[in-house]
Amino acid sequence: MPPVHEAAAQAQPNIALVKYWGKRDAALNLPAVGSISITLDGLWTRTRVRFDERLPQDRFVLDGRADEREAARVSRCLDLLRERAGVRWRADVVSRNNFPTAAGLASSASGFAALVTAAAAALGLPLSETEKSELARRASGSAARSIFGGYVEWAHGRRADGKDSVAQCLRAAADWPLRVVVAITSRAAKEVGSSAGMRRSAETSPYHAAWIAAQEDDLAAARSAIAARDFQRLAEVAEHSCLKMHALALAARPGLIYWNGTTVEALHRIRALRGSGVPVFFTVDAGPQVKAVCEPQAAETVRAALAATPGVLDVIECGLGAGARLIEAAALECAA
Ligand code: PMV
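As the structure is a prediction and not an experimental result, all values here were calculated from the model.

S.K.: Describe the sheet that holds strand S7 (residues 59–62), listing the residues and the values that go with them.
M.R.: Spatially, the 6 strands line up as an open sheet ordered S8-S7-S9-S6-S1-S16, and their pairing is mixed. A strand with exactly one partner marks an edge of an open sheet, and here the two such strands are strand S8 (65–66) and strand S16 (325–327). Here strand S1 (residues 4–11) pairs with S16 via 3 bridges, running antiparallel. From the neighbouring strand, alanine 9 faces S16, where its bridge partner is leucine 326. Most of the contacts of helix H2 (residues 107–122) go to strand S6 (residues 45–52), to which it runs at about 35 degrees, and overall it touches S1, S6, strand S9 (90–97) and S16.

S.K.: Lay out the pattern of salt bridges in plain terms, naming residues and giving numbers.
M.R.: This structure, assessed with the given rule, holds 22 salt bridges. Lysine 163 is the salt-bridge partner of glutamate 134, the closest N and O atoms lying 3.3 Å from each other. Here glutamate 134 is found in helix H3 (residues 129–139), whereas its partner lysine 163 is found in the loop between strand S10 (151–154) and strand S11 (167–171), with 29 residues between them in sequence. With relative accessibility at 7%, the residue glutamate 134 sits in the buried group. Judged by its relative accessible area of 41%, lysine 163 falls in the partly exposed class. The salt bridge partner of arginine 233 is aspartate 230, with a shortest N-O separation of 3.4 Å. Under the relative-accessibility criterion, arginine 233 is labelled partly exposed at 40%. It is possible to trace a salt-bridge network through shared partners that takes in Asp58, Asp79, Arg82 and Arg90.

S.K.: Tell me about the sheet that holds S10, and please be specific about residues and values.
M.R.: Spatial ordering of the open sheet is given by S2-S5-S10-S11, a layout of 4 strands whose pairing is antiparallel. In this open sheet, the two edge strands, each paired with only one partner strand, are strand S2 (14–18) and S11. When the angles between neighbouring strand axes are averaged without regard to direction, this sheet yields 35 degrees. Where strand S5 (residues 35–39) meets S10, 4 bridges bridge the pair, whose relative direction is antiparallel. From the neighbouring strand, serine 37 faces S10, where its bridge partner is valine 152.

Basis of the calculations
Residues numbered from 1 in each chain as written. Predicted model: local features only at pLDDT ≥ 70, side-chain atom pairs only at ≥ 80, totals over all residues. Heavy atoms only, no water. Pairing = 2+ DSSP bridges. Helix = DSSP H or I, 4+ residues; strand = E, 2+ residues; numbered from the N terminus. Contact = heavy atoms within 4.5 Å. Axes fitted to C-alpha atoms, helices over the stretch in contact; angles between N-to-C directions. Salt bridge = Lys/Arg side-chain N within 4 Å of Asp/Glu carboxyl O. Buried < 20%, exposed > 50% of the residue type's maximum accessible area, 1.4 Å probe, protein only.

As structure tokens, this is what we get:
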């Protein structure tokens, strides 16, 4: 057997329409609630994993630079795959994002979905998508969803070992090809990451129990809106879930304010557009960027309105895309 075992994969970020916020088990990264997301197209992480029996330790290079901070997380994720394969080989991991890392665009979701997909192939592990979703979840909750494309639901699950807390595709991207316009309102890394924010919210926010109690209704509403391709109903439940998640975080002690002034300005713009008949709604994650989801014919109007909002630094438009998949390692070396 050769000493080197290599594969490369691509995965795309996803954006939750019914949000995940809170864990039922922090060690296994099990969510306190189910969630529903859309996987994006156009933005990607490409990762090449090369297991080498001669390497003394794992190495992780992100966008051309050794990333010490993330290296431990990458190693822990690889440990789960090494354990399954029954090997101890260390790996050289090279990863590239074609969008800013840690800018609130879920780079950890695409990153760990790509890592698990590439590492499993490099080790010759014949894992199902469901098994990959479970392994990706252990590294970053939302990564469980980026294994799949289109409209995706990640189950809360009941089992203590988390085997049933995996994602599945609800509907293919091509069935309902909505567009997403992301308004970048800040390039600073966020002060409180999602895991710490979730913990603080669960421990101190008076709204935590109410958040958990209502999630099943929101999931059911989103599922049926997606099945019926009912934009207005999806808009209503997605904005509700987003604002409710932020209300929960705002009411923590000390309160978590993920927005800046431009974030709020952009939300008003989007509400005004919808009020005037443009099919668009917003969602915001644990950061200041605003994601506007719209029907394809409205994308140009939404893009122009957000670009003209004072304080918006940039707008990125994408479609809905596929799940994680293997690519030629050469595609990574040539990637811009
Ligand atoms: O799994 P994480 O650490 O990326 O947390 C995701 C949290 C939110 O983006 C705010 C919501 C979600 O469901 O993606």
